[in-house]
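Summary of structural features
So the chains spell out like this:
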Amino acid sequence: MPLLFSLTLFCSAFLLFQVQPMVGKMLLPKLGGTPAVWNTCMVFFQAALLLGYAYSHALSTWLGSRRGSVVHLGVMLVPALVLPIAIGDDAFRSAAASNHPVLVILGQLSLGVGLPFFVLSTTAPLLQRWFSDTGHPSARDPYFLYAASNVGSMVALLGYPLVVEPVLPLDVQSWYWMWGYAVFAAMVAACAATLWRNRRPAPEASAAAEPERAADPLNWPRRLWWVFLSFVPSSLLLGCTTYISTDLAPIPLLWVVPLALYLLTFILVFAKRPPIPHRLASRVLPIAVLALVLQVLMVATQFRGLPFWVLPLIHLFTFFVVALVGHGELAKDRPAPVHLTEFYLWMSVGGVLGGVFNALVAPVVFQHTGLTEYPLALVLGCLLRPRGRNADGTPHRTNVWDVILPAALCAGTVGLLLLTRALDMEPGPARNAIAFGLPCVIAFTFVDRVPRYALAVAALFVAGALNTNQDRLTLERNFFGVVAVVNAKSEDDGSHFRQMIHGNTLHGQMRGDATDADGRHEPLTYYYRTGPVGTAMLAWQKSRPPGASVGVIGLGTGSLAYYARPGDAWTFYEIDPTVERLAGDPRYFSFLAECRASDSRVVLGDAYLRLQEVPPGTYDFLVLDAFSSDSIPVHLLTREALALYRSRMKPGGVMAFHISNRYLNLRPILAKLAEDAGMEVRGWRDMASDEEKKQGKSESEWAVLADREADLAPILRPRGPDAIPDPRWEKMTSQPNTPLWTNNFSNLLSAFLHD
């Protein structure tokens, strides 16, 4: 019997975590692949899960397990009306020009996937409650079944990018998922039949239930404690994921790791015999948090030379420990089975609040302070530990010193930081030992006083906000991320650069003394005049008179505007309004202000959508500069996307793709697309010299595409049609196993860098 219920819960959770990425991929090409789409999807799924838990609680409370199971079997048939899952195009046509199509997304998710997701979300609490009424020897504590549910979630989470996505197109995934749902429904029916055959006699059940209710009363402080214990790990999950995937290691699919750890903590704490003692996790938590705090307080440049995975590992370990303690406290405080569905309901409320806070509230509240919700969740995580006790066994009581001492620690840390600056100490071990090492040691002396220790960690974060080697001019945050403009100083020759940074990804920079004969600021980083795109643009312009129409997807600092000529018409497509505003502000960057094009404009919105509004045959030259960092907009690199670009080009037009990436090899992907379209493609991987790096040039990789090789001749043979081709432009070819990316199929794992 436990095996049947465990397998059913496993199947339910597996389907839940398969449908989420599948539906997200269906939505991306229709709404531009913005982070707002993913955030909205996450809020929807969490809200649907909460609704499912509420239904389970109401059904079990009002009808009981036996009658409720009959009703639920009928409810399980309703999702057949919308299977297989498909997201249509019609509803999104009116939303294409909207900056906030949230209601459209929620409406389509509700219609397309709401019913099956709702039914699946009811399974964990319902089946555990049914099992508790079967009379099985393990029925008195059915919470071990929750571990089976989370195992299913983890298998699906890891299996989708590793197995499902690389093999099956989206439409085939949807059909397989439908048959999986049918198998799941049959398994639930078998569980219901088991309940009917093995249910305890009514008098015995009633007699057992009354003592449980009397011995295990629920009150609002206890319910709110469950919400808090669920809220903190949920918020920390999103905060940790955002921080390590933007500020530390922008690796695609890295979000899978913290989510897998999050699920693993549920598996461990709800096991019949938890393999990690809760007391051990509670003791490790303050040490792990303090190690993370010390790492965050130090400037990132001091960790150069370490393997890239070391810093993310510190954050992931700390997150795992905090989530393990929070979920361990939930497992310790789980009520009797009669209150099981309500317990899961309040757990879901906390999870939803954590998601809503990070996805919707934090970007507004912390608009000018960055990812503040992450350290805030760490501070709250310190409060999850059981309180220390006095010699007589009574818990420590909060007193005024729990506030005064952390405040003094904050003031002292600021004083030490100012002292090291006054002594002109260089960043390094000695400065860190004085400014942060000593305060961390003092903070650790508060470890037995839980509130005092949490406030001490908060004090360190507040004081550490002053520790930066960058002169930050502005910082803004929205759905698309955190963008900062800073004055940075070169470690080689002391040169000053104005930079636009998203996390640890440089989106362009300007050097005040790097100007041409006309006094205009020269493009740096990936857009250097001797680099691939600069060389290609200048060579192509020699063969074309002024009056060309140029489109650029991805604005950055507007560096490419340097290459505009009088008489040209340039259009930039930028999805982030903050980037557009900062790039156009002469106080920060001058490229757009110095643009010589007769017509220059920036179009806000996703390029895949906005280009559909452009008449065919518009552009002579199209630059796609949107494939850096971890957030690869896959929908811009598909067969359908290339067909769209091609249709907007004039005869003989040229496209340039910026495919530089630290972790993905996009060269064979693009070569496969060009091969499929019958286009010519050449690539140049540019390695900047040490001297060029001092001048602000960055290594980059670009590719140029055209319908015919003759269209690329001005770029490949800049010295004339009879000259030897520029050897730096190499012919790109796909590999035998390179997949063809389409709106219906893409696989990021196939693009990870390899030898």
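Refer to the preceding data block for the structure.
Description of the structure in this document. (Residues numbered from 1 in each chain as written. Predicted model: local features only at pLDDT ≥ 70, side-chain atom pairs only at ≥ 80, totals over all residues. Heavy atoms only, no water.)

A closer look at the sheet that holds strand β6 (residues 569–574)
Ordered in space as β7-β6-β5-β8-β9-β11-β10-β12, the 8 strands form an open sheet in which the pairing is mixed. The sheet is open, and its two edges are formed by β7 (599–604) and β12 (730–731), each paired on a single side. Inspection of the sheet shows strand β10 (residues 680–686) paired to β12 by 2 bridges, in the antiparallel sense. Along β12, the bridge assignment pairs Gly683 with Glu730. (Pairing = 2+ DSSP bridges. Helix = DSSP H or I, 4+ residues; strand = E, 2+ residues; numbered from the N terminus.)

Overview of the pattern of salt bridges
Applying the stated rule across the entire model yields 31 salt bridges. Across the pair Arg223 and Glu342 runs a salt bridge, and its minimum N-O distance is 2.5 Å. With a gap of 119 residues between them, Arg223 in helix α9 (residues 220–248) and Glu342 in helix α13 (residues 340–365) connect regions that are remote in the sequence. Linking Glu680 and Arg682 is a salt bridge whose minimum nitrogen-to-oxygen distance equals 3.2 Å. Its relative accessible area of 8% is what places Arg682 among the buried residues. A single network of salt bridges, built from pairs that share partners, joins Arg667, Arg685, Glu701 and Glu730. (Salt bridge = Lys/Arg side-chain N within 4 Å of Asp/Glu carboxyl O. Buried < 20%, exposed > 50% of the residue type's maximum accessible area, 1.4 Å probe, protein only.)

Examining the nonpolar core
Among the nonpolar cores identified, the biggest contains 171 residues, and Ile85, Trp130, Trp177, Trp570 and Phe621 are the most heavily contacted of them. Looking at this core element by element, the count peaks at 11 residues for helix α1 (residues 2–31). Apart from residues lying up to four places away in sequence, Trp177 is in contact with Leu15, Gln18, Val19, Met22, Leu83, Ile85, Pro116 and Leu120. Counting 39 residues, the second largest nonpolar core, distinct from the first, contains Ile553, Leu622, Leu670 and Met679. (Core = buried A, V, L, I, M, F, W, Y, C linked by side-chain atoms within 4.5 Å. Contact = heavy atoms within 4.5 Å.)

Quick notes on unusual backbone geometry
For residues that are not glycine, phi is negative in most cases, and the peptide bond is trans in most cases. That bond from Leu83 to Pro84 is cis: its omega, -5 degrees, falls within 30 degrees of zero. With respect to the helices and strands, Pro84 occurs in the loop between α2 (35–75) and α3 (90–93). A positive phi angle, near 50 degrees, is found at Thr525, a position not held by glycine. Structurally, Thr525 is set in the loop between β4 (505–510) and α18 (532–542).

Looking at the environment of Arg639
Positionally, Arg639 belongs in helix α21 (residues 639–647). By relative accessible area, which is 39% here, Arg639 ends up partly exposed. Ignoring anything within four residues of it in the chain, the contact list for Arg639 reads Leu673, Asp676, Leu740, Trp741 and Thr742.

Thoughts on the environment of Thr571
As for its placement among the helices and strands, Thr571 is situated in strand β6. For Thr571 and Asp599, which are 28 residues apart along the polypeptide, the C-alpha to C-alpha distance reads 8.1 Å.

Describing a nonpolar patch on the surface
Together, Leu360, Val361, Val364, Val365 and Phe479 make up a nonpolar patch on the protein surface, roughly 400 Å² of accessible area in all. Structurally, the position occupied by Val364 is in helix α13. (Patch = residues over 30% accessible without salt bridge, like charges linked within 9 Å, V, L, I, M, F, W, Y side chains within 5 Å. Areas by Shrake-Rupley, 256 points an atom, 1.4 Å probe, with all protein chains shown as cover.)

Let's talk about the packing of aromatic side chains
All chains considered together, the criterion is met by 31 aromatic pairs. Geometrically, the ring pair formed by Phe10 and Phe14 is stacked, given 6.4 Å between the ring centres and 15 degrees between the ring planes. Here Phe14 and Phe10 lie together in helix α1, a separation of 4 residues that amounts to about one turn. According to the relative accessible area criterion, Phe10 is partly exposed, its value standing at 27%. Residue classification places Phe14 among the partly exposed positions, given a relative accessible area of 28%. When the ring of Phe231 is compared with that of Phe357, the centres are 6.0 Å apart and the planes differ by 55 degrees; the resulting orientation is tilted. Highlighted residues: Phe231 in helix α9 and Phe357 in helix α13, separated in sequence by 126 residues. The exposure classification of Phe231 matches that of Phe357, with both residues buried. Members of the aromatic cluster, connected to one another through ring pairs, are Tyr53, Tyr143, Tyr146, Trp226, Tyr262, Phe266, Phe270, Phe343 and Tyr344. In this arrangement the basic side chain of Arg223 is found over the ring face of Trp220, its NZ or CZ atom lying 4.8 Å from the centre. (Phe/Tyr/Trp six-rings, centres within 6.5 Å; stacked < 30°, edge-to-face > 60°. Lys NZ or Arg CZ within 6 Å of the ring centre and 35° of its normal.)

Quick notes on the sheet that holds strand β2 (residues 481–489)
Here 4 strands make up an open sheet; going across it, the order is β1-β2-β3-β4 and the pairing antiparallel. Because the sheet does not close on itself, it has two edges, and the strands there are β1 (471–478) and β4. Neighbour to neighbour, the strand axes of the sheet diverge by 20 degrees on average, direction disregarded. Two strands pair when backbone bridges link them, and strand β3 (residues 496–502) and β4 are joined in this way by 4 bridges, in the antiparallel orientation. Considered in β4, the bridge of His502 is made with Thr505. (Axes fitted to C-alpha atoms, helices over the stretch in contact; angles between N-to-C directions.)

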